[in-house]
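# Architecture at a glance
What follows is each chain in one-letter form.
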Amino acid sequence: MLPLWSAPVFSFRCCFELLQKNKKVQVSRMRRKQGRNKGTGMKFAALFFSVLLTAALSGCGRKSLTGLESEEAAEEEGRIAVAFSEVGAESDWRVANSESMRATFTEENGYEFYFEDAKGKQENQIAALRNYILQGVDYIVLDPVVETGWDEVLQEAKDAEIPVIVVDRMVDVEDETLYTAWVGSDFKKEGDTAVEWLEQYLEEQGRASEKISILHVMGTLDASAQLGRTAGLEDGVAEHDNWEIVDQVLGEFTQAKAYEVVSEVLERTQDIDVIYCENDDSAFGAIQALEEAGITYGTDGDVILISFDSTEAGLTACMEGKINLNVECNPMHGPRVEKIILQLEAGETPEKEYYVEETCFTPEMLTEELIASRGY
Ligand code: AHR
């Protein structure tokens, strides 16, 4: 056991070792990038104090040292360090998205992959990004939980000359040079697709001029997926005098929350023709609440169910007639992000914004083979 007086000395030694290792990684990265990370005295001082603080807070823990050691090994082997900040694990879609990233950025493919699950909190994402900047990774990939509030940390990444690739949801920043490229879905188009289908479906059912009451189960507020899908529905309602949104509730893209909020609504009113769920997990929450309330839904029921994502579970429920329409939102972004990184590595300029091609599904379009072939 070490005497108490030795703690500061030990702590200082750890910090010094940590700093040396970090410096080595930074310097070798600087060489690989041919001067991309031009550190200034200010930056070095900031790095020193950040490392000192990190070491002091972590008690100079093994985890940080191990991280740096593996980063150093990656550097020596010429691997590209890609650091991903993921929203969380709130839905099947999200799990598939994380898996797509992990499966793409493997050591065998030449990458050192860092992953942080933000648990749905923007402050966790900002902290993760600062940590990635401090480590001097080659690329930061950000799937932002919400659109706003990124200017400062993205400026820090830009100052450190680390390209940031935004994926899935968008960032709303003053200066668009703060990120290098974005790839994801056109969420407004997804909402428009759902509205166009509903209009046609009601027409086919001879209900085009009937009063239509819509319950809207929204995703996480200020997330691009929520903003776009909500705008699509609200525009659709504005264009149809006989459509009405009876309630807008927060399902937060999870089954548990959607079940809770839809159950509450159903206690107040059961005069609902359509439930517009902003993802498959919330559709499952709505289904649970409808079943408990003894209300029928889907192709043979009283309530028309609309969902987004087209996950394996969501499409299976659609094939079974439980979900009337499932609008695709494709989560397989790993290869798309890799394409951007390879373009940057080759000195090319990737497209600033790339929208993924998507479709939608109704029960008669689906088979088990088709669902199994989609990979999520
Ligand atoms: O940003 C994509 C959305 O986020 C997906 O629709 C949803 O399932 C996820 O949680």
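Residues numbered from 1 in each chain as written. Predicted model: local features only at pLDDT ≥ 70, side-chain atom pairs only at ≥ 80, totals over all residues. Heavy atoms only, no water.

Once that is clear, we can look at the sheet that holds strand S4 (residues 164–167). Taken in spatial order, the six strands line up as S2-S1-S3-S4-S5-S11 in an open sheet, and their pairing is parallel. What marks the edges here is a single partner per strand, and that holds for strand S2 (111–117) and strand S11 (353–355). On average, adjacent strands in this sheet sit at an angle of 15° to one another, irrespective of strand direction. When S4 meets strand S5 (residues 181–184), the two strands line up parallel, connected through three bridges. Each residue of the ladder has a partner; that of isoleucine 165, found in S5, is alanine 181. The strands touched by helix H5 (residues 122–135) are strand S1 (80–86), S2 and strand S3 (139–142); relative to S1, the strand with the most contacts, the crossing angle is about 170°. Those strands touched by helix H12 (residues 334–345) are S1, S2, S3, S4 and S5, and its axis lies near 160° from that of S4. (Pairing = 2+ DSSP bridges. Helix = DSSP H or I, 4+ residues; strand = E, 2+ residues; numbered from the N terminus. Axes fitted to C-alpha atoms, helices over the stretch in contact; angles between N-to-C directions. Contact = heavy atoms within 4.5 Å.)

What follows concerns the site of the ligand. As a structural note, the neighbourhood of the ligand is formed by Glu90, Ser91, Trp93, Arg94, Asp168, Arg169, Ala225, Arg229, Phe253, Asn279 and Asp309. Within the side chain of asparagine 279, a nitrogen or oxygen atom sits 2.9 Å from an oxygen atom of the ligand. Coverage of the ligand by the protein chains reaches 100% of its 280 Å² of free accessible surface. Of all the elements in the fold, those that place two or more residues in the shell around the ligand are helix H4 (92–104) and helix H8 (224–239). For the shell around the ligand, the residue count by class is three nonpolar, two polar and six charged. (Near = heavy atom within 4 Å. Polar contact = N/O pair within 3.5 Å; in protein donor to acceptor, adjacent residues only side chain to side chain. Areas by Shrake-Rupley, 256 points an atom, 1.4 Å probe, with all protein chains shown as cover. Nonpolar A, V, L, I, M, F, W, Y, C, P; charged D, E, K, R; others polar.)

Turning our eyes to something else, we now look at helix H9 (residues 255–268). Its 14 residues place the ends of H9 20 Å apart at the C-alpha level, agreeing with the 20 Å of an ideal helix rising 1.5 Å per residue. Of the residues making up H9, those classed as buried are Ala258, Val261, Val262, Ser263, Val265 and Leu266. Where H9 begins, the side chain of threonine 254 points an oxygen toward the backbone nitrogen of lysine 257, at a separation of 3.2 Å. (Expected span 1.5 Å × (residues − 1). Buried < 20%, exposed > 50% of the residue type's maximum accessible area, 1.4 Å probe, protein only.)

Another aspect to go through is the confidence of the model for the protein. Per-residue confidence for the protein gives a mean pLDDT of 87, with 80% of residues at or over 70. Long-range and interchain partners of residues 1–66, a stretch whose pLDDT sits below 50, account for 71 contacts in this model, where long-range means more than four residues apart. (pLDDT = per-residue confidence, 0-100.)

Quick look at the packing of helix H7 (residues 187–204) against H8 now. It is at 7 Å that the axes of H7 and H8 come closest, and there the two elements cross at 35°. By crossing handedness, the relation of H7 to H8 is classed as right-handed. Taking contact as the criterion, the partners of Phe187, Lys188, Glu190, Gly191, Asp192 and Val195 in H7 are, on H8, Ser224, Ala225, Gly228, Arg229, Ala231, Gly232, Leu233, Asp235 and Gly236. Residues that form the contact of H7 with H8 fall into these classes: five nonpolar, five polar and five charged. (Left-handed = near helix turned anticlockwise from the far one by under 90°.)

Among the structural elements, valine 82 can be located in strand S1. Overall, valine 82 belongs to the buried group, its relative accessible area being 1%. The spatial distance from the C-alpha of valine 82 to the C-alpha of phenylalanine 113 is 5.1 Å, given a sequence separation of 31 residues. Those residues in contact with valine 82 that lie beyond four places of it in its chain are Phe105, Tyr111, Glu112, Phe113, Tyr114, Tyr139, Val141 and Ile341.

What follows is about the packing of H5 against helix H6 (residues 151–159). In the contact formed by H5 and H6, the axes pass within 10 Å of each other and the chain directions differ by 10°. Considering their axes alone, H5 and H6 lie roughly parallel with respect to each other. Two secondary-structure elements touch here, H5 through Ile126, Leu129, Arg130 and Ile133 and H6 through Glu152, Val153, Leu154, Glu156 and Ala157. Taken together, the residues of the contact of H5 with H6 break down into six nonpolar, no polar and three charged. (Parallel < 35°, antiparallel > 145°, perpendicular 65-115°, else oblique.)

Looking now at the pattern of salt bridges. A full pass over the atoms with the stated rule returns 22 salt bridges. In this structure, aspartate 168 and arginine 169 form a salt bridge, with 3.9 Å as the shortest nitrogen-oxygen distance. Taken as a pair, aspartate 168 and arginine 169 share a single burial class, namely buried. Through salt bridges with shared partners, a single network forms among Glu86, Glu90, Arg94, Asp143, Asp168 and Arg169. (Salt bridge = Lys/Arg side-chain N within 4 Å of Asp/Glu carboxyl O.)

On to the environment of valine 166. Tracing the backbone shows valine 166 in strand S4. A C-alpha to C-alpha distance of 9.4 Å links valine 166 and glutamate 353, two positions 187 residues apart in sequence. In this structure valine 166 touches Leu142, Pro144, Val171, Tyr179, Ala181, Trp182 and Val183, once residues within four positions along its chain are discounted.

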